[in-house]
Amino acid sequence: MNNSHLPQLTQQQQFLVRATPATHSKIKGDLKMKNIAVRLWNNEMFGKTYGKGKRKNAFYNGTVEISIPPVKYLIDLETITSWYHNAKYPIHLKMLDNIEPYDDANILLSWIVRYESGVKTPVHGYCCFDINKLQLLINIVDPEYRINETWELAVKECLNRTPGKPTPNLIATNYELKLAA
């Protein structure tokens, strides 16, 4: 994935963005990346208002699930400009100190928020979706779960297999799809 379109990041973050999963894994001393599954749904609320001057900007809502340790994160993929201006948690605002906004209509970004028992906790990280290449780049640093990894994943369309059961529109995973579906 060509990362020249990403916002300007600190030197350490740039290294993580350029690292492939295999490279990042070797740097950390791991022999294998953590299993991850990303599910994306079209945002049915896109463009609708939810308050005076406030509009739903996410094109896709999604979940990021890591199997070991079992942890789930939420993402809302929106344009770079919206992503940059909609940071609301202190950890994400601090990340903005090292980022210069860059506008590219083919790139969607999201902050990472851990989801546990109905509680949302922001963590250091982001998700970048290149619509043209159907590639996801995810960086998560969550010391509480001892996660400090970057994944680069190919995105695939999902088939609606079970009537009445919500099926994501897109999926990306680094392990066998039948296990992640």
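Our subject is the structure that appears above.
Residues numbered from 1 in each chain as written. Predicted model: local features only at pLDDT ≥ 70, side-chain atom pairs only at ≥ 80, totals over all residues. Heavy atoms only, no water.

1. Description of the overall build of the protein
Argument step 1. When you go through the protein residue by residue, the secondary structure sums to 5 helices and 11 strands.
Argument step 2. Considering only residue pairs separated by 6 or more positions, the protein has 51% of its internal contacts joining residues 24 or more positions apart.
Argument step 3. Only carbon and sulfur atoms are counted for the fraction: they give 52% of the accessible area of the protein, which is about 10,400 Å². (Helix = DSSP H or I, 4+ residues; strand = E, 2+ residues; numbered from the N terminus. Contact = heavy atoms within 4.5 Å. Areas by Shrake-Rupley, 256 points an atom, 1.4 Å probe, with all protein chains shown as cover.)

2. Focus on unusual backbone geometry
Argument step 1. Between I68 and P69 the backbone carries a cis peptide bond, its omega angle lying at -5°.
Argument step 2. Tracing the backbone shows P69 in the loop between β4 (60-66) and β5 (71-79).
Argument step 3. Even without being a glycine, L134 presents a positive backbone phi close to 50°.
Argument step 4. Relative to the assigned elements, L134 resides in the loop between β7 (119-130) and β8 (135-142).
Argument step 5. A positive phi angle, near 55°, is found at R146, a position not held by glycine.
Argument step 6. Position of R146 among the secondary structure elements: in the loop between β8 and β9 (147-154).

3. A few points about the sheet that holds strand β10 (residues 156-157)
Argument step 1. An order of β9-β8-β7-β6-β5-β4-β1-β11-β10 is seen for the 9 strands of this open sheet, with the pairing classed as antiparallel. For this open sheet the edge positions go to β9 and β10, each flanked by a neighbour on one side alone.
Argument step 2. With 8 bridges joining them, β8 and β9 adopt antiparallel strand pairing. By the bridge assignment for β9, I138 is matched with W151. (Pairing = 2+ DSSP bridges.)

4. A closer look at the side chain of S110
Argument step 1. Structurally, the position occupied by S110 is in strand β6 (residues 107-116).
Argument step 2. Looking at S110, the relative accessible area reads 1%, which means it is buried.
Argument step 3. One polar contact links the side chain of S110 to the main-chain amide nitrogen of D76, over a distance of 2.8 Å.
Argument step 4. Sequence-distant contacts of S110, that is, excluding residues within four places in its chain, are made with I75, D76, L77, W83, G125, Y126 and C127. (Buried < 20%, exposed > 50% of the residue type's maximum accessible area, 1.4 Å probe, protein only. Polar contact = N/O pair within 3.5 Å; in protein donor to acceptor, adjacent residues only side chain to side chain.)

5. Re the environment of P143
Argument step 1. Along the polypeptide, P143 turns up in the loop between β8 and β9.
Argument step 2. Classification of P143 as exposed rests on a relative accessible area of 66%.
Argument step 3. When the C-alpha positions of P143 and H124 are compared, they lie 9.4 Å apart, and in sequence the two are 19 residues distant.

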